[in-house]
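# Observations on the model geometry
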Amino acid sequence: LCESLKMKVILIDYGSGNLKSAAKALERAGKETGKNFNVVVSKKAAELKNASHIVLPGVGSFGDCKKGLESIPGLTEEISRQVVEIGKPFLGICVGMQLLAEKGLEYGEHRGLNLIPGLVRPINLKGKKLKIPHMGWNTVNIAQPHFIFRGFQDNPYFYFVHSYNFVSSKKKHLIATADYSEEITSVVSKDNIVGTQFHPEKSQKNGIKFIYNFLSWTP
């Protein structure tokens, strides 16, 4: 691998996601690693071949985001090839994390990318007078050790905006949770894939540190 190939982060643009702030956060964290990261926002499936790291953002509904992905020729197939077959580090953010599941139940039933076993369903308020969406700062409980939380103290704060919860089928994939009426999945991971429900790009120092760890990760 040449140096440029090794250090290219592709932020997938499929018509959804907080692309500007996500790109800025990736650039800032990339600089802090001391490596020469080139952050590229792209809607071309072929670009993923040149990536060292792949980031899938997501804002909006599960079904709309899945449609957006599928509207780009060859994109879902190329994600599968680069992430599952080749094993490139992959980060899904918010709905980008939810799309990793087998299916989502937002405005009907929609198939996900099926990269981490689980189901995305509405947050269960259990009759409590809490607002939906779950919005704002919340502590995150680190359920099991993972490189993505390297150097973090217990119960760090991150910024959330969501109405749905990724219920992981297997405990071993559940890395961190938050409490909002029920146990909310904050971070999932399987092999070279990590997904976060909170928005690292809106989570100030902790968010930059989280992205720094992702960019430093060699799964």
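First, a word on scope: everything that follows refers to the structure included in this document. (Residues numbered from 1 in each chain as written. Predicted model: local features only at pLDDT ≥ 70, side-chain atom pairs only at ≥ 80, totals over all residues. Heavy atoms only, no water.)

In this section: the overall build of the protein. Helix and strand content of the protein: 6 helices and 14 strands. By the compact-globule yardstick of 17 Å for 219 residues, the protein fits well, its C-alpha radius of gyration being 16 Å. With the C-alpha coordinates aligned to their principal axes, the bounding extent of the protein is approximately 55 × 40 × 30 Å. Every one of the 219 residues in the protein was classed for burial, and the buried ones make up 55%. Of all intrachain contacts in the protein linking residues separated by at least 6 positions in sequence, the fraction that spans at least 24 positions is 71%. By element, 49% of the accessible surface of the protein is carried by carbon and sulfur atoms, the whole surface being about 10300 Å². Each charge class in the protein was averaged separately, 29 positive and 19 negative side chains, and the resulting centres sit 3 Å apart. (Helix = DSSP H or I, 4+ residues; strand = E, 2+ residues; numbered from the N terminus. Rg over C-alpha atoms; globule rule 2.2 N^0.38 Å. Buried < 20%, exposed > 50% of the residue type's maximum accessible area, 1.4 Å probe, protein only. Contact = heavy atoms within 4.5 Å. Areas by Shrake-Rupley, 256 points an atom, 1.4 Å probe, with all protein chains shown as cover. Lys, Arg positive; Asp, Glu negative; His and termini not counted. Charge placed at Lys NZ, Arg CZ, Asp CG, Glu CD.)

Glancing now at the side chain of Gln-82. As for its position among the elements, Gln-82 is in helix α4 (residues 75-85). In this structure the side chain of Gln-82 is engaged in a polar contact, spanning 2.7 Å, whose partner is the side chain of Glu-78. Once residues within four sequence positions are removed from consideration, Gln-82 is found in contact with Leu-48, Lys-49, Ile-54, Gly-87 and Lys-88. (Polar contact = N/O pair within 3.5 Å; in protein donor to acceptor, adjacent residues only side chain to side chain.)

This part covers the sheet that holds strand β6 (residues 110-111). Read from one edge of the open sheet, 4 strands run β6-β5-β7-β11, paired in mixed fashion. Both edges of this open sheet fall to β6 and β11 (164-168), since each of them pairs with a single strand only. With 2 bridges joining them, strand β5 (residues 103-104) and β6 adopt antiparallel strand pairing. If you follow Lys-103 over to β6, its bridge partner there is Arg-111. (Pairing = 2+ DSSP bridges.)

Let us look at the state of the cysteines. Tallying each qualifying case throughout the model produces 0 disulfides. Take Cys-65: it sits in no disulfide, and the sulfur closest to it among the cysteines is that of Cys-94, at 8.4 Å. Residue Cys-65 is classed as buried on the basis of its relative accessible area of 3%. On the basis of relative accessibility, which here comes to 5%, the residue Cys-94 falls in the buried class. (Disulfide = S-S within 2.5 Å.)

Space inside the second largest pocket adds up to approximately 190 Å³. Its residues placed into classes, the lining of the second largest pocket shows 6 nonpolar, 6 polar and 2 charged. (1 Å grid on protein atoms, 1.4 Å probe; cavity = no way out; pocket = protein on both sides within 12 Å on 5 of 7 lines; lining within 4 Å. Points joined across faces, edges and corners; volume = space filled by probe spheres on them. Nonpolar A, V, L, I, M, F, W, Y, C, P; charged D, E, K, R; others polar.)

The α-helix winds at 3.6 residues per turn, so residues separated by three or four positions along the chain end up facing the same way. For helix α3 (residues 62-70), every residue scored as buried is listed here: Phe-62, Gly-63, Cys-65, Lys-66, Gly-68 and Leu-69. Of the surrounding secondary structure, the elements contacted by the buried residues of α3 are β3 (53-56), α4, α5 (95-98), β5, β6 and β7 (118-122).

Grouped together as the largest cluster of nonpolar side chains are 67 residues, with contacts concentrated most on Ile-12, Ile-79, Leu-99, Phe-149, Val-187 and Phe-210. Counting residues per element, this core draws most heavily on helix α2 (residues 19-32), which supplies 6 residues. Contacts of Ile-12, omitting those with residues within four sequence positions, involve Leu-19, Ser-42, Leu-48, Ile-54, Val-55, Leu-56, Pro-57, Leu-75 and Ile-79. (Core = buried A, V, L, I, M, F, W, Y, C linked by side-chain atoms within 4.5 Å.)

What follows concerns the pairing of β3. Of the two faces of β3, the one lined by His-53 and Val-55 and the one lined by Ile-54 and Leu-56 are each fully buried. The pairing of strand β1 (residues 8-12) with β3 spans 3 bridges and is parallel. Each residue of the ladder has a partner; that of Ile-10, found in β3, is Ile-54. In this structure, β3 lies alongside strand β4 (residues 90-93), joined through 3 bridges in parallel fashion. Following the sheet pairing, Leu-56 is matched in β4 by Gly-92.

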